[in-house]
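Survey of secondary and tertiary structure
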Amino acid sequence: MDQQQRENFLEIRDLYVQYHTDTGLVKAVDGLNLSLAGGETLGLVGETGAGKTTTALAVMQLIASPPGRIAGGSIFLQGENLLKKSKEEQRHIRGGKIAMIFQDPMTSLNPVLPVQEQIAEMIRLHRKADADEVLKKARDMLSLVGIRPERGSEYPHQFSGGMKQRVVIAIALACNPTLLIADEPTTALDVTIQAQVLELMRELRQHFNTSTILISHDLGVVAELCDSVAIMYAGRIVEKADTKNLFRRPLHPYTQGLFRSVPDLTGNVRRLDTIAGLPPDPTNLPPGCCFASRCNIAEPDCSRSRPSMIEGETGHFAACFKLGKRGGV
Amino acid sequence: MNGPADSGALVEIRGLKKYFTVPHGLLQAVDDVNLSVAGGETLGLVGESGCGKSTLGRVVIRLLDATEGSVFFDKEDIFLYNKKALRNFRKRAQMVFQDPYSSLNPRFSVEQLIAEPLHIHRVCVNERETAAKVKTLMDIVGLASRLTTSFPHELDGGRRQRIGIARALALNPEFIVLDEPVSALDVCIQAQILNLLHDLKDEFRYTYLFITHDLSVIRHISDRIAVMYLGKIIELADHLEIFIHPQHPYTQALLSAIPLPNVDIPRAGRIILEGDVPSPVNPPAGCRFYSRCPSRWDRCLGEAPVLRELSPDHFLACHFPGRVDKAKHIRPRTALESAEL
């Protein structure tokens, strides 16, 4: 176990998360395997409905139940299974050891509390310290994220979108978590403000050395911040590799299609290559490869069983039957 | 400001201003904009949230009235149209909205949604003709005919946006304002819609005003690009020219801020702007970009730069073009600041 603890800081095995809805059982996460090394920043990429946020919420133990339910699997953080913890233990881990940055800074702050109070609240919950110390720490966090500590007594509506997201980052990092999950942290921001926040996240990563899962649909943001990338499709990881390998030579047909769909900033092409069709209905996932119906190299066999992850190149995994056959797609 | 210039432009915007009265003063959403869109052209309008691009788009097709200035459509001032002429203009100029979730009536089926403009303008003589026309429109935008009786909540964002486009095309317009038509969509669906817009234009020779904050999308779809900042057009050029030779410090910063999905292009000197876009309520005199500009000088504070032609077909509103020192990232100190030291 000790060996694994060092190598596999976070390990998610065969995770199933389902939502019971009127239209049927939504299989949001369907047999997901993912691991993260200590100090690593992993980009989790996928389209709307791929199950990225559900995965994050499962790690945070924040799946609303009902309608949601973790139907199977395990999540090990530093060798301990988070799914076996009591409610009390979970509350300590959440915010203390694992923190999350949500997508929308406009709705993730309390509008009637000064921002320094919201940071202090986090520290009070997880650390023993007197009121003065807590306030000082809260103000230190503000200056760390580039906000003048004097502004700590102001309310969220007095801050712009980019500044609010800085406050959210300060709250998340206040207890020096070992794992940070950032769910689309810059999606709601303008491009020049996004550049500021990305720069801040890069600096903070050096400062804290926190292991991070960055959820994003923006391949550009992932290319800039992440050491490795996992591509998610229909509740599963379909490809994983370090960032350079994955961007230079994507192996899975879905990843390849994803890259071709992005308008290029260097060429002068007027028509984009697209992936035909839509992702499968999560209430009715096909028995075989979920991408088979949209895949241009699929064979009848692809629809019979689920492909498992195959190591196409050293450290570069993809879930595609064709990979094993031809040593590359 | 009399008639339009004899430029052959389909849409000519002259000295256009749109101000809103707000509790603390005057919100100058669009301030003295001059632009023209040639027939068959796609003009891209790019800027950050709150810069006035959507307001401009709405004024151009008279969904909002202008505070000052004119918009000439086919050489006629749209603000001087009488009721009948305006009704005719509505057929010729259409709009596609950003959010396909809130811009469609949830109680209308796909067929009713697409037929609505046909009914309003009494284009078809009977229901059979309307149904046939709806069917044709659904084919054009790539909606399967089995979806005729579906309701918007049953459809994904890409299909809803196709309905929005079909509604805009229903009256055979010449000019279409597209306000962030792909911003709410996933990248694969976005690519499908961008291809659709491109093909439609090839086939029907539409003229587009394409509004977005997404720089890679705007470069992809546009013939010319106008960059907007705090109510003003600050740079206007061919879509490749502006990406290769951006001259305004804001354009340069904007372009350098795009995260590229490529690990092999080295990031040369990203310009990170300070602060946020200032409020458009009672903006200061002088250049509106002054407070964030990495290469500001005294002159910029006193005198607002006007849009002028820097090189053929490349227009710029800056006193000191191309002066950002990318290598150092350091903003030259203004004389005012130097005096304070």
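Residues numbered from 1 in each chain as written. Chains lettered and ligands numbered in written order. Predicted model: local features only at pLDDT ≥ 70, side-chain atom pairs only at ≥ 80, totals over all residues. Heavy atoms only, no water.

**Points about the overall build of chain B**
Put simply, the rule reads: The way it works is that DSSP assigns letters per residue, a run of H or I at least four long becomes a helix, a run of E at least two long becomes a strand, and they are numbered from the N terminus. Restricting the calculation to C-alpha atoms gives the radius of gyration, and the globule rule supplies 2.2 Å times the number of residues raised to the power 0.38. Residue contacts are defined here by distance: any two heavy atoms, one from each residue, within 4.5 Å place the two residues in contact. Computed with a 1.4 Å probe, the accessible areas rest on the Shrake-Rupley method; for each residue, only the protein chains presented here act as cover. By the counting rule applied here, Lys and Arg register as positive and Asp and Glu as negative, while His and the ends of each chain are not counted. Taken as the charge location is NZ of Lys, CZ of Arg, CG of Asp or CD of Glu.
Looking only at helices and strands, one finds 11 helices and 12 strands in chain B. Taking 2.2 N^0.38 as the reference for a compact globule, 341 residues should give roughly 20 Å; the C-alpha atoms of chain B span a radius of gyration of 22 Å, in line with that estimate. Along the first, second and third principal axes, the C-alpha set of chain B runs to 80 × 50 × 40 Å. Long-range contacts, defined as pairs at least 24 residues apart, comprise 64% of the intrachain contacts of chain B with a sequence gap of at least 6. For chain B, the exposed surface amounts to about 15100 Å²; the carbon and sulfur share of it is 51%. A gap of 3 Å separates the mean positions of the 40 positive and 41 negative side-chain charges of chain B.

**Brief notes about helix H5 (residues 131-144) of chain A**
Residue and element names in this part refer to chain A. So the rule is basically this: To estimate the expected span of a helix, subtract one from its residue number and multiply by 1.5 Å. Here's how the labels work: a residue is buried when its accessible area is under 20% of the maximum for its type, exposed when over 50%, partly exposed in between, all with a 1.4 Å probe on protein chains only. Arc definition: directions from the helix axis to the C-beta atoms. A 3.5 Å cut-off defines polar contacts: any pair of N or O atoms within that distance qualifies, except that in protein one atom must be a possible hydrogen donor and the other a possible acceptor, and neighbouring residues in sequence count only when both atoms are side-chain atoms.
Relative to the 20 Å expected for 14 residues at 1.5 Å per residue, H5 spans 20 Å between its end C-alpha atoms, a close match to the ideal helical length. Val134, Ala138, Met141 and Leu142 are the residues of H5 that are buried. End-on view of H5: buried residues confined to an arc of 105°, all on one side of the axis. Seen from the open side of H5, the exposed residues pointing more than 90 degrees away from its buried face are Asp132 and Lys136. Next to the buried residues of H5 lie helix H4 (115-126), helix H6 (161-173) and helix H7 (191-208). Of the residues flanking the start of H5, the one acting as N-cap is Asp130, its side-chain oxygen 3.2 Å from the backbone nitrogen of Asp132. Once H5 ends, the next one or two residues include Gly146, with phi positive near 85°.

**Quick word on the interface of chain A and chain B**
Rules: Buried area adds together the accessible area that both of two parts lose upon being put together, with accessible area traced by a 1.4 Å probe. The salt bridge definition used is simple: a Lys or Arg side-chain nitrogen within 4 Å of an Asp or Glu carboxyl oxygen.
Taken together, the contact between chain A and chain B spans 44 residues of the former and 45 residues of the latter. Across the chain A to chain B interface the summed buried area is about 3700 Å²; carbon plus sulfur atoms make up 57%. Between the two partners, chain A and chain B, sit 3 salt bridges. Across the pair Arg270(B) and Glu224(A) runs a salt bridge, and its minimum N-O distance is 2.7 Å. At the boundary of chain A with chain B, the tally comes to 11 residue pairs in polar contact (both at pLDDT 80 or more). Those elements that place two or more of their residues in the side of chain A that touches chain B are H7, helix H8 (219-225), helix H9 (243-248) and helix H10 (253-261) of chain A. Residue contributions to the side of chain A that touches chain B peak at 9 residues, all from H7(A).

**A few points about the sheet that holds strand S6 (residues 98-101) of chain A**
Residues and elements named next belong to chain A. Applied cut-off: We treat two strands as partners when DSSP finds at least two bridges between them. In this analysis an axis means a line fitted to C-alpha atoms, helices contributing only their contacting stretch, and an angle means the value between N-to-C directions, from 0 to 180 degrees.
Strand order in the open sheet formed by 8 strands is S6-S7-S8-S3-S9-S10-S12-S11, and the pairing between neighbours is mixed. The sheet is open, and its two edges are formed by S6 and strand S11 (310-313), each paired on a single side. In this sheet, adjacent strand axes meet at a mean angle of 20° when their direction is disregarded. With 3 bridges joining them, S11 and strand S12 (residues 316-318) adopt antiparallel strand pairing. Bridging from a neighbouring strand, Glu313 pairs with His316 of S12. Against the sheet, helix H2 (residues 52-60) contacts strand S3 (41-45), S6, strand S7 (179-183), strand S8 (211-216) and strand S9 (228-233), and its axis sits at roughly 150° relative to S6.

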